[in-house]
Amino acid sequence: MKQVIHRKFSQKLLHLSFLLLFFFSVSLVAQEGDPAKGKTLFNTNCAACHNLDKKMTGPALRNVEATLEAEGKDRQWIYDWVHNSSAVIKSGDAYANKLYAEYNQAAMTAFPQLSEADIDDILAYTAQEAPAPTVAPTPAGGETASTGGGISNKIILGALIVLFGLLAFALILVRRTLNRFAEAKGLDVAKEKGPSIWKAFVQNQFLVLVTVIVLMLAGAYYVYGYLMQIGVDQGYQPVQPIHYSHRIHAGDNGIDCKYCHSSARVSKTSGIPSLNVCMNCHKSIYEVAPETQQEGLTKYGVDYNAEIKKLYAAVGWDDANQQYTGETQPVKWIRIHNLPDFVYFNHSQHVTVAGVECQTCHGPIETMEVVEQFAPLTMGWCINCHRETNVKVEDNGYYEKIHEELAKKYNVEQLTAAQMGGTECGKCHY
Amino acid sequence: MMKSLLKITALLVIVLSVVSCQNKSRPNYQFMPNMYEPVGYETYSESSAFPNGVEALVPAEGSIPRGYTPFDIPNTTDGFNLAKSSLRSPLDSTQVDYDKAKPLFDIYCAICHGTKGDGQGNLVKREKILGVPSYDDAGRAITEGSIYHTIYYGKNAMGSYANQLSETERWQVVAYVLKLKADLEK
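Residues numbered from 1 in each chain as written. Chains lettered and ligands numbered in written order. Predicted model: local features only at pLDDT ≥ 70, side-chain atom pairs only at ≥ 80, totals over all residues.

Attention now goes to the overall build of chain B. The helix and strand tally for chain B stands at 8 helices and 0 strands. In chain B, the succession of helices and strands from N to C terminus is α-α-α-α-α-α-α-α. Computed over the C-alpha atoms, the radius of gyration of chain B is 27 Å, more than 25% above the 16 Å expected from 2.2 N^0.38 for a compact globule of 186 residues. Each principal axis of the C-alpha atoms in chain B carries an extent, and together these give about 95 × 40 × 30 Å. (Helix = DSSP H or I, 4+ residues; strand = E, 2+ residues; numbered from the N terminus. Rg over C-alpha atoms; globule rule 2.2 N^0.38 Å.)

Below you can see the structure in the form of structure tokens.
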């Protein structure tokens, strides 16, 4: 009996110790700061230069406190560093100087506005375990579904062909059985032939004449249609060396066209952006969001992350070490919108002076996954727009006087580009 | 009957082959290509003049284009600090044109820094790029010199905007950034 009492006592002790441990650990966490708050602070203040798991401008910060503890740096050192890193470096701290040299002498911005509690929160966030990597989608599944749009169209077409084939076959069968019935009953179906339709047709000269005229007109119509589309590349949609989705960049992210095509503002060509413009963002964006990647694989058959790797290879960016290798490779972009050599077209005149939206000529680029030529780019198309578009005269001293005089001459309030001389041959052909 | 069937299949094959020749990934036929295709080098065309088939090369190091003022301050931390403390805008108050600077700022900067300069651009809101500071950030304490240096060379994750903005445009944007900073500090 005594032993049982003892056992109960030891059990109670165990419970108590568990409880104590629990309370202790809870209070420990409370001292550690709030990881959720830390995440917000990290994203607004640190994420420009630090990633949790990847070297960026500064080192990766996952478990930074543990790493620093191994170097013999306590939390006070972290406070000092964040508040004013250059002072720590100047104090002659060996580890600080080593870090400074290792990261190309990029001085970390001072954050005096972060309180010690804020830094505790951030440290709590960095101490969190890394989330398990999401399972990569199987490429095989992606590929089969990739050409989804094309396949469904082809399926419909194929089904239609099969259906018509079956119909024709059924008709032939029906005819055969009917003939057999007729034979069986002793009826003579096909023998009763008067003059054939063909002979009757040939003998009717009027009908022949009309048919010939109709055939000639139809032929001329199609030949004319074919000749008129020679040299017109409307719908031209080449495959580019690096898949660049205007839908994501200009559509979803709302980046202005002129951000990348900056020379459209000031020069003749709209400019194919040089790769350093891509790197303005893709230095930080080294992979797309998992949902975007999934969408690309299933809907468009594109591995967006692989395309970013292609960009890195072309521009010579070593993502692991965050520096340029100097080995670059020009990207052979395929130009889509081509005007013949005998036409002069200037982007800045249209974009900056006239204030024409890019979409007026290039169509809904921001919805195109693969860009295609939207406008025919024929002379008739140019002239039409010049006839219909009013000249933008606001804030344009150059046009004010001539606009006033011409408006009086033509007795209109607003001049169109054509009335301003926009249909003169020499404007574009010289 | 077999004959007509043969004729029909032949017609189908011809029609199908004509239709399948319409390839969207290739440009259409041209009438008299030597009137369409330029003889001289066109922008971005391919040529055999230089390695890799490029049509133009980067100018020789040290060459100065017409109407271009060299920027002496180097792309280092010391250079940044020098610019921050000593570099001044060549534009006086009459030359600063916020109406011209705002569209430029909205195109090139606002996508990350936000139209108000508070670091809440569209890319930040969509969590594509993180950690874009607000212009009134006390630790950075930006000045016109430091803004210009940053636009010219880039800083940390931000790239250089020297090739997208001309020198005057850069200084116009600098003035606009300072205005946004003043508005934020109100």
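Turning our eyes to something else, we now look at the overall build of chain A. Helices and strands together make up the secondary structure of chain A, namely 22 helices and 2 strands. By residue count, 15% of the 430 residues in chain A fall in the buried class. Put simply, 64% of the contacts in chain A that link residues at least 6 apart link residues at least 24 apart. (Buried ≥ 20, exposed ≤ 12 C-beta atoms within 10 Å, placed from the backbone. Contact = placed C-beta atoms within 7 Å.)

All names here are of chain A. One non-glycine residue, Gln-322, lies in positive phi territory at about 55 degrees. In this structure, Gln-322 sits in the loop between strand 1 (317–318) and strand 2 (323–324). A tally of 17 C-beta atoms within 10 Å means that Gln-322 is categorised as partly exposed.

Residue and element names in this part refer to chain B. Where helix 4 (residues 98–108) meets helix 8 (residues 167–185), the axes come as close as 9 Å, and the angle between the chain directions of the two elements is 90 degrees. As far as their axial angle goes, helix 8 and helix 4 are roughly perpendicular. Only Glu-169, Gln-172, Val-173, Ala-175, Tyr-176 and Lys-179 of helix 8 make contact with helix 4, whose side of the interface consists of Tyr-98, Lys-100, Ala-101, Lys-102, Leu-104 and Phe-105. Residues belonging to the contact of helix 4 with helix 8 are distributed by class as follows: 7 nonpolar, 1 polar and 4 charged. (Axes fitted to C-alpha atoms, helices over the stretch in contact; angles between N-to-C directions. Parallel < 35°, antiparallel > 145°, perpendicular 65-115°, else oblique. Nonpolar A, V, L, I, M, F, W, Y, C, P; charged D, E, K, R; others polar.)

Moving on, we get to the interface of chain B and chain A. The partner chain A presents 48 residues to the 35 residues of chain B that form the contact. At the level of elements, helix 2 (33–36), helix 4 and helix 6 (122–125) of chain B are the ones that each hand at least two residues to the side of chain B that touches chain A. Residue composition of the side of chain B that touches chain A, by class: 18 nonpolar, 12 polar and 5 charged.

Another aspect to go through is helix 2 (residues 35–46) of chain A. Residues and elements named next belong to chain A. The end-to-end C-alpha distance of helix 2 is 14 Å, clearly below the 16 Å that 12 residues give at a rise of 1.5 Å each. Every buried residue belonging to helix 2 is among Gly-38, Leu-41, Phe-42, Asn-45 and Cys-46, and all of these are buried. Buried positions in helix 2, seen along its axis, are confined to an arc of 105 degrees and lie on one side of it. Where the residues of helix 2 are buried, they touch helix 7 (116–126). (Expected span 1.5 Å × (residues − 1). Arc of directions from axis to C-beta.)

Okay, the domain arrangement of chain A next. Split into domains, chain A comes out as domain 1 (32–126), domain 2 (154–191), domain 3 (193–230) and domain 4 (379–430). One C-alpha centre belongs to domain 3 of chain A, the other to domain 4 of chain A, and the line joining them spans 48 Å. (Domains from an automatic or database assignment.)

On to the nonpolar core, then. Nonpolar side chains in soluble globular proteins tend to be buried together. Phe-105, Tyr-108, Tyr-148 and Val-173 of chain B are the most contacted members of the largest nonpolar core, which totals 59 residues. In this view, Phe-105 of chain B contacts Ala-110, Val-173 and Tyr-176 of chain B; residues no more than four positions away in its chain are not counted. (Core = buried A, V, L, I, M, F, W, Y, C linked by C-beta atoms within 7 Å.)

Before going further, it helps to spend a moment on the environment of Ala-182 of chain A. Take Ala-182 of chain A: it is sitting in helix 9 (residues 148–185). Between the alpha carbons of Ala-182 of chain A and Asp-34 of chain A there is a distance of 94 Å; along the sequence they are 148 residues apart.

The end-to-end C-alpha distance of helix 11 (residues 205–228) of chain A, which contains 24 residues, comes to 34 Å, matching closely the 34 Å that a straight helix rising 1.5 Å per residue would cover. With 0 of 24 residues buried, helix 11 of chain A is to be regarded as a mostly surface element.

Here we take up the packing of helix 7 (residues 144–153) of chain B against helix 8 of chain B. Residue and element names in this part refer to chain B. Helix 8 packs onto helix 7 with a crossing angle of 130 degrees between their chain directions and a minimal axis gap of 9 Å. In terms of their interaxial angle, helix 7 and helix 8 are classed as oblique. Crossing handedness for the pair helix 7 and helix 8: right-handed. Residues Glu-144, Ile-147, Tyr-148, Ile-151 and Tyr-152 of helix 7 touch helix 8, and the partners they reach there are Arg-170, Trp-171, Val-173, Val-174, Val-177 and Leu-178. (Left-handed = near helix turned anticlockwise from the far one by under 90°.)

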